[in-house]
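Fold and contact review
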Amino acid sequence: MLDFSIIVDYWDMYMQGFGHTVKASLLALLGSLLIGIVIAVFRIAPVRPLNWFGAAYVEFIRNIPLILVVFVFFFGFPALGVRLDSFTAGTLGLTVYTAAFIAEVIRAGILSVPKGQMEAARSSGLTYLQTMRYIILPQAIKIVIPPLGNQFINLVKNSSILGVIAGLDLMYFGDLISSETFVTFDVYIFVAMFYLVLTVPLSLGVGFLERRLARSR
Amino acid sequence: MISFHQVNKHYGNFHVLKDINLHINQGEVVVIIGPSGSGKSTLVRCINRLETITSGELIVDNVKVNDKNTDINKLRRNIGMVFQHFNLYPHKTVLQNITLAPIKVLGISEKEAKETAMYYLEKVGIPDKANAYPSELSGGQQQRVAIARGLAMNPKIMLFDEPTSALDPETIGEVLDVMKKLTKEGMTMVVVTHEMGFAREVADRIVFMDQGRILEEAPPEEFFANPREERARLFLSRILNH
Ligand SMILES: Nc1ncnc2c1ncn2[C@@H]1O[C@H](COP(=O)(O)OP(=O)(O)OP(=O)(O)O)[C@@H](O)[C@H]1O
Ligand SMILES: [Mg+2]
(Lines give C-alpha, C1' and ligand atoms only; values in the text may rest on other atoms or scores of the structure.)
(Ligands and ions follow the chains in the order given, each with its own letter.)
Protein backbone atom coordinates (compact mmCIF):
# COMPACT_ATOMS: atom_id res chain seq x y z
CA MET A 1 0.00 0.00 0.00
CA LEU A 2 1.26 3.48 -0.82
CA ASP A 3 2.29 5.67 2.05
CA PHE A 4 -0.04 8.64 1.62
CA SER A 5 1.42 10.44 4.63
CA ILE A 6 4.32 11.42 2.33
CA ILE A 7 2.08 13.35 0.01
CA VAL A 8 0.44 15.05 2.98
CA ASP A 9 3.72 15.91 4.73
CA TYR A 10 5.42 17.08 1.58
CA TRP A 11 2.39 18.64 -0.12
CA ASP A 12 4.04 22.05 -0.36
CA MET A 13 7.05 20.64 -2.16
CA TYR A 14 4.94 18.62 -4.52
CA MET A 15 2.88 21.69 -5.30
CA GLN A 16 5.94 23.83 -5.87
CA GLY A 17 7.32 21.24 -8.26
CA PHE A 18 3.96 20.84 -9.94
CA GLY A 19 3.67 24.60 -10.38
CA HIS A 20 7.07 24.83 -12.02
CA THR A 21 6.38 21.87 -14.25
CA VAL A 22 3.13 23.50 -15.39
CA LYS A 23 4.87 26.81 -15.94
CA ALA A 24 7.80 25.30 -17.84
CA SER A 25 5.41 23.23 -19.96
CA LEU A 26 3.16 26.15 -20.83
CA LEU A 27 6.05 28.46 -21.69
CA ALA A 28 7.78 25.78 -23.75
CA LEU A 29 4.52 24.87 -25.44
CA LEU A 30 3.86 28.44 -26.56
CA GLY A 31 7.49 29.06 -27.45
CA SER A 32 7.99 25.84 -29.37
CA LEU A 33 4.75 26.32 -31.26
CA LEU A 34 5.84 29.79 -32.37
CA ILE A 35 9.38 28.76 -33.26
CA GLY A 36 8.07 25.58 -34.86
CA ILE A 37 5.71 27.53 -37.14
CA VAL A 38 8.47 29.95 -38.12
CA ILE A 39 10.94 27.14 -38.86
CA ALA A 40 8.31 25.22 -40.83
CA VAL A 41 7.56 28.28 -42.96
CA PHE A 42 11.32 28.82 -43.40
CA ARG A 43 11.64 25.28 -44.70
CA ILE A 44 9.04 25.71 -47.42
CA ALA A 45 9.20 29.44 -48.26
CA PRO A 46 10.49 30.13 -51.78
CA VAL A 47 13.73 31.53 -50.37
CA ARG A 48 16.75 29.23 -50.47
CA PRO A 49 18.78 30.55 -47.51
CA LEU A 50 15.70 30.24 -45.29
CA ASN A 51 15.20 26.65 -46.47
CA TRP A 52 18.77 25.86 -45.51
CA PHE A 53 18.46 27.50 -42.14
CA GLY A 54 15.24 25.67 -41.37
CA ALA A 55 16.64 22.31 -42.44
CA ALA A 56 19.83 22.84 -40.45
CA TYR A 57 17.85 23.74 -37.34
CA VAL A 58 15.65 20.68 -37.54
CA GLU A 59 18.39 18.19 -38.41
CA PHE A 60 20.79 19.55 -35.82
CA ILE A 61 18.42 19.87 -32.89
CA ARG A 62 16.33 16.77 -33.23
CA ASN A 63 19.37 14.54 -33.62
CA ILE A 64 21.02 15.36 -30.32
CA PRO A 65 19.72 14.31 -26.91
CA LEU A 66 17.49 16.78 -25.11
CA ILE A 67 19.81 16.89 -22.12
CA LEU A 68 22.64 18.22 -24.28
CA VAL A 69 20.42 20.99 -25.64
CA VAL A 70 19.60 21.92 -22.06
CA PHE A 71 23.30 21.83 -21.16
CA VAL A 72 24.02 24.32 -23.91
CA PHE A 73 21.78 26.81 -22.16
CA PHE A 74 22.83 25.84 -18.65
CA PHE A 75 26.61 25.51 -19.09
CA GLY A 76 27.24 27.03 -22.49
CA PHE A 77 25.52 30.40 -22.08
CA PRO A 78 27.33 31.32 -18.83
CA ALA A 79 30.58 30.74 -20.71
CA LEU A 80 29.42 33.44 -23.13
CA GLY A 81 28.64 35.69 -20.21
CA VAL A 82 24.87 35.09 -20.16
CA ARG A 83 23.81 33.76 -16.80
CA LEU A 84 20.54 31.79 -16.78
CA ASP A 85 18.95 30.27 -13.71
CA SER A 86 18.28 26.56 -13.99
CA PHE A 87 14.54 26.94 -14.54
CA THR A 88 15.08 29.35 -17.43
CA ALA A 89 17.87 27.32 -18.98
CA GLY A 90 15.81 24.14 -18.76
CA THR A 91 12.69 25.75 -20.22
CA LEU A 92 14.65 27.32 -23.06
CA GLY A 93 16.33 24.02 -23.87
CA LEU A 94 13.00 22.27 -23.83
CA THR A 95 11.49 24.94 -26.09
CA VAL A 96 14.26 24.86 -28.66
CA TYR A 97 14.30 21.06 -28.69
CA THR A 98 10.53 20.57 -29.02
CA ALA A 99 10.35 23.27 -31.71
CA ALA A 100 12.35 21.04 -34.07
CA PHE A 101 9.74 18.29 -33.82
CA ILE A 102 6.82 20.70 -34.04
CA ALA A 103 8.37 22.29 -37.13
CA GLU A 104 8.34 18.93 -38.87
CA VAL A 105 4.75 18.24 -37.88
CA ILE A 106 3.62 21.67 -39.09
CA ARG A 107 5.60 21.39 -42.30
CA ALA A 108 3.87 18.12 -43.11
CA GLY A 109 0.54 19.83 -42.38
CA ILE A 110 1.32 22.77 -44.64
CA LEU A 111 2.35 20.47 -47.46
CA SER A 112 -0.90 18.56 -47.15
CA VAL A 113 -2.95 21.69 -47.95
CA PRO A 114 -3.81 21.52 -51.67
CA LYS A 115 -1.62 23.65 -53.94
CA GLY A 116 -4.69 25.42 -55.33
CA GLN A 117 -5.22 27.18 -52.02
CA MET A 118 -1.91 29.01 -52.31
CA GLU A 119 -2.59 29.78 -55.97
CA ALA A 120 -6.07 31.16 -55.36
CA ALA A 121 -4.90 33.33 -52.48
CA ARG A 122 -1.78 34.62 -54.23
CA SER A 123 -3.66 35.37 -57.42
CA SER A 124 -6.05 37.57 -55.44
CA GLY A 125 -3.10 39.76 -54.46
CA LEU A 126 -2.43 38.45 -50.96
CA THR A 127 1.27 38.31 -50.06
CA TYR A 128 3.00 35.03 -49.25
CA LEU A 129 2.87 35.75 -45.53
CA GLN A 130 -0.78 36.81 -45.61
CA THR A 131 -1.61 33.63 -47.49
CA MET A 132 0.22 31.57 -44.90
CA ARG A 133 -1.52 33.33 -42.07
CA TYR A 134 -5.10 33.45 -43.34
CA ILE A 135 -5.32 30.46 -45.67
CA ILE A 136 -2.62 27.83 -45.27
CA LEU A 137 -1.82 27.72 -41.55
CA PRO A 138 -5.45 27.61 -40.35
CA GLN A 139 -6.01 24.56 -42.54
CA ALA A 140 -2.67 23.00 -41.66
CA ILE A 141 -3.29 23.39 -37.93
CA LYS A 142 -6.46 21.32 -38.15
CA ILE A 143 -4.59 18.55 -39.90
CA VAL A 144 -1.76 18.57 -37.40
CA ILE A 145 -3.78 18.72 -34.17
CA PRO A 146 -3.35 14.99 -33.39
CA PRO A 147 0.42 14.80 -33.99
CA LEU A 148 0.80 18.18 -32.32
CA GLY A 149 -1.02 16.83 -29.28
CA ASN A 150 1.49 14.00 -29.08
CA GLN A 151 4.33 16.50 -29.17
CA PHE A 152 2.77 18.47 -26.33
CA ILE A 153 2.36 15.37 -24.22
CA ASN A 154 5.99 14.50 -24.86
CA LEU A 155 6.89 18.03 -23.94
CA VAL A 156 5.21 17.79 -20.53
CA LYS A 157 7.00 14.54 -19.82
CA ASN A 158 10.30 15.87 -21.15
CA SER A 159 10.05 18.84 -18.81
CA SER A 160 11.37 16.38 -16.18
CA ILE A 161 14.76 17.22 -17.69
CA LEU A 162 14.67 20.30 -15.47
CA GLY A 163 15.22 17.99 -12.53
CA VAL A 164 18.71 17.19 -13.78
CA ILE A 165 19.83 20.80 -13.51
CA ALA A 166 17.88 21.56 -10.31
CA GLY A 167 15.13 23.35 -12.23
CA LEU A 168 12.61 23.22 -9.31
CA ASP A 169 10.16 21.03 -11.21
CA LEU A 170 8.27 17.93 -10.08
CA MET A 171 11.22 15.66 -10.74
CA TYR A 172 13.57 17.88 -8.78
CA PHE A 173 11.29 17.92 -5.75
CA GLY A 174 10.69 14.19 -6.13
CA ASP A 175 14.41 13.64 -5.79
CA LEU A 176 14.53 15.98 -2.84
CA ILE A 177 11.65 14.33 -0.99
CA SER A 178 13.07 10.90 -1.68
CA SER A 179 16.46 11.83 -0.26
CA GLU A 180 14.82 13.27 2.85
CA THR A 181 12.48 10.36 3.49
CA PHE A 182 14.64 7.52 2.15
CA VAL A 183 11.52 6.34 0.31
CA THR A 184 11.78 5.97 -3.44
CA PHE A 185 8.91 3.99 -4.91
CA ASP A 186 6.02 5.82 -3.22
CA VAL A 187 7.55 9.24 -3.71
CA TYR A 188 7.97 8.74 -7.43
CA ILE A 189 4.53 7.17 -7.83
CA PHE A 190 3.09 10.41 -6.50
CA VAL A 191 5.30 12.33 -8.91
CA ALA A 192 3.94 10.20 -11.74
CA MET A 193 0.40 10.96 -10.62
CA PHE A 194 1.05 14.67 -10.89
CA TYR A 195 2.31 14.20 -14.44
CA LEU A 196 -0.82 12.25 -15.25
CA VAL A 197 -2.93 15.10 -13.89
CA LEU A 198 -1.39 17.17 -16.70
CA THR A 199 -1.05 14.71 -19.54
CA VAL A 200 -4.37 12.86 -19.36
CA PRO A 201 -6.52 16.01 -19.69
CA LEU A 202 -4.18 17.18 -22.45
CA SER A 203 -4.69 13.93 -24.27
CA LEU A 204 -8.47 14.07 -23.81
CA GLY A 205 -8.50 17.71 -24.86
CA VAL A 206 -6.71 16.91 -28.08
CA GLY A 207 -9.21 14.16 -28.81
CA PHE A 208 -12.07 16.57 -28.18
CA LEU A 209 -10.59 19.25 -30.44
CA GLU A 210 -9.98 16.67 -33.13
CA ARG A 211 -13.63 15.64 -33.10
CA ARG A 212 -14.87 19.21 -33.08
CA LEU A 213 -12.66 20.24 -35.98
CA ALA A 214 -13.67 17.16 -37.91
CA ARG A 215 -17.25 18.36 -37.64
CA SER A 216 -16.56 22.00 -38.59
CA ARG A 217 -14.27 20.91 -41.46
CA MET B 1 -4.31 45.03 -72.16
CA ILE B 2 -2.34 41.78 -72.41
CA SER B 3 0.62 41.40 -74.77
CA PHE B 4 2.83 38.39 -75.30
CA HIS B 5 5.92 39.14 -77.41
CA GLN B 6 7.90 36.07 -78.45
CA VAL B 7 7.26 34.39 -75.14
CA ASN B 8 8.89 31.05 -74.44
CA LYS B 9 8.70 28.87 -71.41
CA HIS B 10 10.55 25.74 -70.44
CA TYR B 11 10.02 23.25 -67.67
CA GLY B 12 13.57 21.97 -67.45
CA ASN B 13 14.14 20.46 -70.89
CA PHE B 14 10.49 20.57 -71.81
CA HIS B 15 9.54 23.44 -74.09
CA VAL B 16 5.98 24.16 -73.03
CA LEU B 17 5.33 27.56 -74.67
CA LYS B 18 6.90 28.30 -78.04
CA ASP B 19 7.21 31.79 -79.53
CA ILE B 20 3.90 33.02 -78.23
CA ASN B 21 2.68 36.30 -79.70
CA LEU B 22 -0.74 37.31 -78.54
CA HIS B 23 -2.41 40.67 -78.02
CA ILE B 24 -5.64 41.05 -76.17
CA ASN B 25 -7.42 44.38 -76.05
CA GLN B 26 -9.47 45.83 -73.27
CA GLY B 27 -12.96 44.39 -73.22
CA GLU B 28 -12.05 41.51 -75.48
CA VAL B 29 -13.13 37.96 -74.77
CA VAL B 30 -10.55 35.43 -75.93
CA VAL B 31 -11.22 31.72 -75.73
CA ILE B 32 -8.26 29.37 -75.80
CA ILE B 33 -8.80 25.85 -77.01
CA GLY B 34 -6.56 22.94 -77.88
CA PRO B 35 -5.72 19.37 -76.99
CA SER B 36 -4.71 18.31 -73.52
CA GLY B 37 -1.12 19.23 -72.67
CA SER B 38 -0.90 21.88 -75.38
CA GLY B 39 -0.01 24.59 -72.86
CA LYS B 40 -3.34 26.40 -72.43
CA SER B 41 -3.22 26.51 -68.64
CA THR B 42 0.43 27.46 -68.66
CA LEU B 43 -0.27 30.36 -71.01
CA VAL B 44 -3.10 31.70 -68.86
CA ARG B 45 -1.14 31.25 -65.64
CA CYS B 46 1.72 33.32 -67.03
CA ILE B 47 -0.58 36.33 -67.22
CA ASN B 48 -0.72 36.69 -63.41
CA ARG B 49 2.72 35.13 -62.94
CA LEU B 50 1.56 31.92 -61.35
CA GLU B 51 4.10 30.67 -63.88
CA THR B 52 7.19 32.60 -64.92
CA ILE B 53 8.33 32.86 -68.52
CA THR B 54 11.79 31.87 -69.72
CA SER B 55 12.20 34.48 -72.45
CA GLY B 56 10.30 37.12 -74.37
CA GLU B 57 8.17 39.86 -72.94
CA LEU B 58 4.76 39.84 -71.33
CA ILE B 59 2.97 43.09 -70.62
CA VAL B 60 -0.28 43.20 -68.69
CA ASP B 61 -2.10 46.44 -67.92
CA ASN B 62 1.01 48.35 -69.04
CA VAL B 63 3.22 46.50 -66.58
CA LYS B 64 6.03 44.12 -67.45
CA VAL B 65 4.91 41.04 -65.59
CA ASN B 66 8.33 39.49 -65.17
CA ASP B 67 10.29 42.64 -64.43
CA LYS B 68 12.26 42.55 -61.21
CA ASN B 69 10.75 45.84 -60.07
CA THR B 70 7.17 44.83 -60.70
CA ASP B 71 5.04 44.63 -57.57
CA ILE B 72 3.29 41.43 -58.52
CA ASN B 73 0.75 41.66 -55.71
CA LYS B 74 -0.34 45.03 -56.99
CA LEU B 75 -0.72 43.73 -60.53
CA ARG B 76 -2.67 40.70 -59.31
CA ARG B 77 -5.31 42.94 -57.71
CA ASN B 78 -6.42 43.76 -61.21
CA ILE B 79 -6.55 40.18 -62.44
CA GLY B 80 -9.19 37.80 -61.14
CA MET B 81 -8.68 34.09 -61.63
CA VAL B 82 -11.13 31.21 -61.66
CA PHE B 83 -9.81 27.66 -61.48
CA GLN B 84 -11.09 24.30 -62.63
CA HIS B 85 -11.35 23.06 -59.06
CA PHE B 86 -12.75 26.33 -57.62
CA ASN B 87 -10.11 26.50 -54.88
CA LEU B 88 -12.47 28.10 -52.40
CA TYR B 89 -11.11 28.35 -48.86
CA PRO B 90 -12.84 25.46 -47.07
CA HIS B 91 -12.41 26.92 -43.57
CA LYS B 92 -14.15 30.17 -44.47
CA THR B 93 -17.76 30.95 -45.25
CA VAL B 94 -18.81 32.10 -48.69
CA LEU B 95 -18.87 35.69 -47.46
CA GLN B 96 -15.42 35.38 -45.87
CA ASN B 97 -14.07 33.81 -49.05
CA ILE B 98 -15.18 36.85 -50.99
CA THR B 99 -14.26 39.59 -48.51
CA LEU B 100 -10.80 38.39 -47.52
CA ALA B 101 -8.79 39.91 -50.36
CA PRO B 102 -10.73 43.19 -50.54
CA ILE B 103 -10.14 43.68 -46.80
CA LYS B 104 -6.53 42.51 -46.62
CA VAL B 105 -5.28 43.63 -50.01
CA LEU B 106 -7.35 46.71 -50.86
CA GLY B 107 -7.79 47.69 -47.23
CA ILE B 108 -11.47 48.49 -47.45
CA SER B 109 -13.66 48.22 -44.36
CA GLU B 110 -15.35 44.97 -43.42
CA LYS B 111 -18.76 46.57 -43.80
CA GLU B 112 -18.07 47.82 -47.28
CA ALA B 113 -16.48 44.52 -48.27
CA LYS B 114 -19.59 42.66 -47.14
CA GLU B 115 -21.85 44.95 -49.14
CA THR B 116 -19.70 44.43 -52.22
CA ALA B 117 -19.68 40.68 -51.62
CA MET B 118 -23.47 40.60 -51.34
CA TYR B 119 -23.77 42.60 -54.54
CA TYR B 120 -21.74 40.02 -56.43
CA LEU B 121 -23.47 37.09 -54.77
CA GLU B 122 -26.75 38.55 -56.03
CA LYS B 123 -25.20 38.84 -59.42
CA VAL B 124 -24.16 35.18 -59.54
CA GLY B 125 -27.55 34.22 -58.14
CA ILE B 126 -26.80 32.77 -54.70
CA PRO B 127 -27.15 35.52 -52.08
CA ASP B 128 -28.84 32.99 -49.79
CA LYS B 129 -25.57 31.02 -49.49
CA ALA B 130 -23.58 33.88 -47.97
CA ASN B 131 -23.09 32.13 -44.65
CA ALA B 132 -22.65 28.60 -45.96
CA TYR B 133 -19.31 26.81 -46.11
CA PRO B 134 -18.02 25.74 -49.52
CA SER B 135 -18.51 22.06 -48.74
CA GLU B 136 -22.23 22.73 -48.34
CA LEU B 137 -22.56 23.95 -51.93
CA SER B 138 -22.88 22.16 -55.24
CA GLY B 139 -20.04 22.41 -57.73
CA GLY B 140 -21.85 24.98 -59.82
CA GLN B 141 -22.56 27.09 -56.76
CA GLN B 142 -18.95 26.85 -55.62
CA GLN B 143 -17.74 28.01 -58.99
CA ARG B 144 -20.14 30.93 -58.94
CA VAL B 145 -18.77 31.90 -55.54
CA ALA B 146 -15.28 31.70 -57.00
CA ILE B 147 -16.34 34.06 -59.77
CA ALA B 148 -17.88 36.45 -57.24
CA ARG B 149 -14.65 36.25 -55.25
CA GLY B 150 -12.69 37.32 -58.30
CA LEU B 151 -15.11 40.11 -59.20
CA ALA B 152 -15.14 41.55 -55.69
CA MET B 153 -11.62 42.87 -56.31
CA ASN B 154 -13.08 44.88 -59.18
CA PRO B 155 -10.45 43.54 -61.59
CA LYS B 156 -9.74 44.70 -65.11
CA ILE B 157 -9.12 41.17 -66.35
CA MET B 158 -10.68 37.84 -65.50
CA LEU B 159 -8.86 34.58 -66.26
CA PHE B 160 -10.76 31.29 -66.42
CA ASP B 161 -9.00 27.94 -66.63
CA GLU B 162 -11.56 25.29 -67.56
CA PRO B 163 -14.15 26.71 -65.15
CA THR B 164 -16.77 24.09 -66.03
CA SER B 165 -14.64 20.99 -66.54
CA ALA B 166 -15.15 19.69 -63.01
CA LEU B 167 -18.91 20.29 -63.01
CA ASP B 168 -21.88 18.02 -63.47
CA PRO B 169 -23.57 18.63 -66.82
CA GLU B 170 -26.64 20.12 -65.16
CA THR B 171 -24.68 22.84 -63.39
CA ILE B 172 -22.43 23.86 -66.28
CA GLY B 173 -25.13 26.12 -67.67
CA GLU B 174 -25.50 28.22 -64.55
CA VAL B 175 -21.79 29.01 -64.54
CA LEU B 176 -21.68 29.77 -68.26
CA ASP B 177 -24.66 32.10 -67.82
CA VAL B 178 -22.77 34.12 -65.25
CA MET B 179 -19.76 34.29 -67.54
CA LYS B 180 -21.90 35.40 -70.46
CA LYS B 181 -23.29 38.21 -68.35
CA LEU B 182 -19.74 39.32 -67.64
CA THR B 183 -18.80 39.44 -71.30
CA LYS B 184 -21.74 41.73 -71.95
CA GLU B 185 -20.48 44.13 -69.31
CA GLY B 186 -17.23 44.57 -71.15
CA MET B 187 -14.93 42.57 -68.91
CA THR B 188 -11.63 41.58 -70.50
CA MET B 189 -11.66 37.80 -70.33
CA VAL B 190 -9.29 34.98 -71.19
CA VAL B 191 -11.06 31.65 -71.03
CA VAL B 192 -9.73 28.14 -71.44
CA THR B 193 -12.68 25.89 -72.11
CA HIS B 194 -14.00 22.92 -74.02
CA GLU B 195 -17.45 24.48 -74.20
CA MET B 196 -17.63 25.18 -77.91
CA GLY B 197 -21.15 26.57 -77.71
CA PHE B 198 -20.00 29.18 -75.24
CA ALA B 199 -16.95 29.97 -77.35
CA ARG B 200 -19.01 30.41 -80.48
CA GLU B 201 -21.53 32.62 -78.72
CA VAL B 202 -19.40 35.05 -76.73
CA ALA B 203 -15.79 34.91 -77.91
CA ASP B 204 -14.38 37.80 -79.87
CA ARG B 205 -11.52 35.55 -80.86
CA ILE B 206 -10.61 31.90 -80.68
CA VAL B 207 -7.00 30.95 -80.06
CA PHE B 208 -6.10 27.40 -80.98
CA MET B 209 -3.00 25.91 -79.35
CA ASP B 210 -1.15 22.71 -80.03
CA GLN B 211 2.15 21.51 -78.61
CA GLY B 212 2.98 24.85 -77.04
CA ARG B 213 2.30 26.94 -80.11
CA ILE B 214 -0.55 29.19 -81.14
CA LEU B 215 -1.52 27.64 -84.46
CA GLU B 216 -4.54 29.70 -85.29
CA GLU B 217 -6.28 32.86 -84.15
CA ALA B 218 -9.63 33.84 -85.62
CA PRO B 219 -13.10 35.14 -84.84
CA PRO B 220 -15.38 32.25 -83.90
CA GLU B 221 -17.58 32.40 -87.02
CA GLU B 222 -14.52 32.02 -89.15
CA PHE B 223 -12.74 29.49 -86.96
CA PHE B 224 -15.64 27.11 -86.57
CA ALA B 225 -16.84 27.36 -90.15
CA ASN B 226 -13.49 27.01 -91.75
CA PRO B 227 -10.44 26.27 -89.61
CA ARG B 228 -7.28 26.86 -91.61
CA GLU B 229 -5.07 24.42 -89.77
CA GLU B 230 -5.39 20.69 -90.28
CA ARG B 231 -4.80 20.04 -86.58
CA ALA B 232 -7.50 22.53 -85.61
CA ARG B 233 -9.90 20.76 -87.95
CA LEU B 234 -9.01 17.42 -86.42
CA PHE B 235 -9.44 18.79 -82.91
CA LEU B 236 -12.82 20.29 -83.74
CA SER B 237 -14.14 17.16 -85.36
CA ARG B 238 -13.14 15.14 -82.32
CA ILE B 239 -14.59 17.52 -79.78
CA LEU B 240 -17.82 18.24 -81.68
CA ASN B 241 -18.62 14.62 -82.47
CA HIS B 242 -17.75 12.93 -79.21
N1 LIG C 1 5.15 21.97 -63.25
C2 LIG C 1 5.37 21.32 -64.41
N3 LIG C 1 6.54 20.68 -64.62
C4 LIG C 1 6.78 20.02 -65.77
N5 LIG C 1 5.90 19.94 -66.79
C6 LIG C 1 4.73 20.55 -66.64
C7 LIG C 1 4.39 21.27 -65.45
N8 LIG C 1 3.16 21.77 -65.59
C9 LIG C 1 2.73 21.38 -66.81
N10 LIG C 1 3.67 20.66 -67.45
C11 LIG C 1 3.56 20.10 -68.81
O12 LIG C 1 3.37 21.16 -69.70
C13 LIG C 1 2.47 20.78 -70.71
C14 LIG C 1 1.38 21.79 -70.83
O15 LIG C 1 0.61 21.78 -69.64
P16 LIG C 1 -0.73 22.62 -69.48
O17 LIG C 1 -1.28 22.31 -68.17
O18 LIG C 1 -0.45 24.05 -69.80
O19 LIG C 1 -1.63 22.00 -70.64
P20 LIG C 1 -3.16 22.25 -70.94
O21 LIG C 1 -3.22 22.67 -72.36
O22 LIG C 1 -3.74 23.17 -69.95
O23 LIG C 1 -3.76 20.81 -70.81
P24 LIG C 1 -5.18 20.33 -70.21
O25 LIG C 1 -6.19 20.53 -71.28
O26 LIG C 1 -4.95 18.89 -69.92
O27 LIG C 1 -5.44 21.14 -68.98
C28 LIG C 1 1.97 19.39 -70.37
O29 LIG C 1 2.65 18.47 -71.20
C30 LIG C 1 2.36 19.21 -68.93
O31 LIG C 1 2.68 17.87 -68.70
MG1 LIG D 1 -5.11 22.94 -68.36
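Residues numbered from 1 in each chain as written. Chains lettered and ligands numbered in written order. Predicted model: local features only at pLDDT ≥ 70, side-chain atom pairs only at ≥ 80, totals over all residues. Heavy atoms only, no water.

Counting residues in hydrophobic clusters, the biggest one holds 57 residues, and the most contacted among them are A:Ile110, B:Ile2, B:Phe4, B:Ile32, B:Leu58 and B:Val60. In terms of residue count, helix H7 (residues 128-158) of chain A provides more of this core than any other element does, ten residues in total. Once residues lying within four places of it in the same chain are set aside, the contact partners of B:Leu58 are B:Ile2, B:Ser3, B:Phe4, B:Val7, B:Cys46, B:Ile47, B:Ile53, B:Val63, B:Lys64, B:Val65 and B:Asn66. The next biggest cluster of nonpolar side chains, apart from the first, holds 50 residues, and it includes B:Ala146, B:Met158, B:Leu215 and B:Phe223. (Core = buried A, V, L, I, M, F, W, Y, C linked by side-chain atoms within 4.5 Å. Buried < 20%, exposed > 50% of the residue type's maximum accessible area, 1.4 Å probe, protein only. Helix = DSSP H or I, 4+ residues; strand = E, 2+ residues; numbered from the N terminus. Contact = heavy atoms within 4.5 Å.)

UniProt feature "transmembrane region" (unreviewed entry): in the numbering of this structure it lies at residues 20-42, 63-82, 94-113, 152-173 and 185-209 of chain A. With 50% helix and 0% strand, residues 152-173 of chain A has end C-alpha atoms that lie 22 Å from one another. (UniProt positions renumbered as here; feature names shortened; annotations may be inferred.)

Our next topic: the pairing of strand S6 (residues 79-82) of chain B. Residue and element names in this part refer to chain B. Here S6 shows two buried faces, one formed by Ile79 and Met81 and the other by Gly80 and Val82. Sheet topology places S6 next to strand S7 (residues 157-161); four bridges connect them, and they run parallel. Residue pairing for S7: Gly80 is matched across the bridge by Met158. (Pairing = 2+ DSSP bridges.)

Residues and elements named next belong to chain B. Surveying the vicinity of ligand 1 reveals the residues Tyr11, Phe14, Val16, Pro35, Ser36, Gly37, Ser38, Gly39, Lys40, Ser41, Thr42 and Glu162. Within the backbone of Ser38, one N or O atom sits 3.2 Å away from an oxygen atom of ligand 1. For ligand 1, whose accessible area on its own is 640 Å², the fraction buried by protein is 59%. Contributions of two or more residues to the shell around ligand 1 are made by strand S2 (14-24) and helix H1 (40-47). When residues of the shell around ligand 1 are assigned to their parent elements, the largest contribution, three residues, is made by H1. Classifying every residue of the shell around ligand 1 by side-chain character gives four nonpolar, six polar and two charged. (Near = heavy atom within 4 Å. Polar contact = N/O pair within 3.5 Å; in protein donor to acceptor, adjacent residues only side chain to side chain. Areas by Shrake-Rupley, 256 points an atom, 1.4 Å probe, with all protein chains shown as cover. Nonpolar A, V, L, I, M, F, W, Y, C, P; charged D, E, K, R; others polar.)

Residue and element names in this part refer to chain B. If you trace the backbone, Gly186 turns up in the loop between helix H6 (169-184) and strand S8 (188-192). Under the relative-accessibility criterion, Gly186 is labelled partly exposed at 39%. Measuring from C-alpha to C-alpha, the distance between Gly186 and Gln26 comes to 8.1 Å, with 160 residues separating the pair along the chain.

Attention now goes to the layout of surface pockets. Residue and element names in this part refer to chain A. Considering only enclosed or pocket space, the largest pocket measures out at about 470 Å³ in volume. If you go around the largest pocket, you meet 17 residues; those closest to its centre are Ile44, Lys115, Met118, Glu119 and Tyr128. Where the lining of the largest pocket is concerned, the elements lending two or more residues are helix H5 (86-111), helix H6 (115-123) and H7. The element contributing the most residues to the lining of the largest pocket is H6, with four residues. Along the lines of polarity and charge, the residues of the lining of the largest pocket split into eleven nonpolar, no polar and six charged. Each pocket or cavity is described by its volume, and for the second largest pocket that value is around 190 Å³. As for the second largest pocket, its lining consists of Leu29, Leu33, Ile141, Ile145, Leu148, Gly149, Phe152, Pro201, Leu202, Gly205, Val206 and Leu209. Mapped by element, the contributors of at least two residues to the lining of the second largest pocket are helix H2 (11-44), H7 and helix H9 (185-216). The class makeup of the residues in the lining of the second largest pocket is ten nonpolar, two polar and no charged. (1 Å grid on protein atoms, 1.4 Å probe; cavity = no way out; pocket = protein on both sides within 12 Å on 5 of 7 lines; lining within 4 Å. Points joined across faces, edges and corners; volume = space filled by probe spheres on them.)

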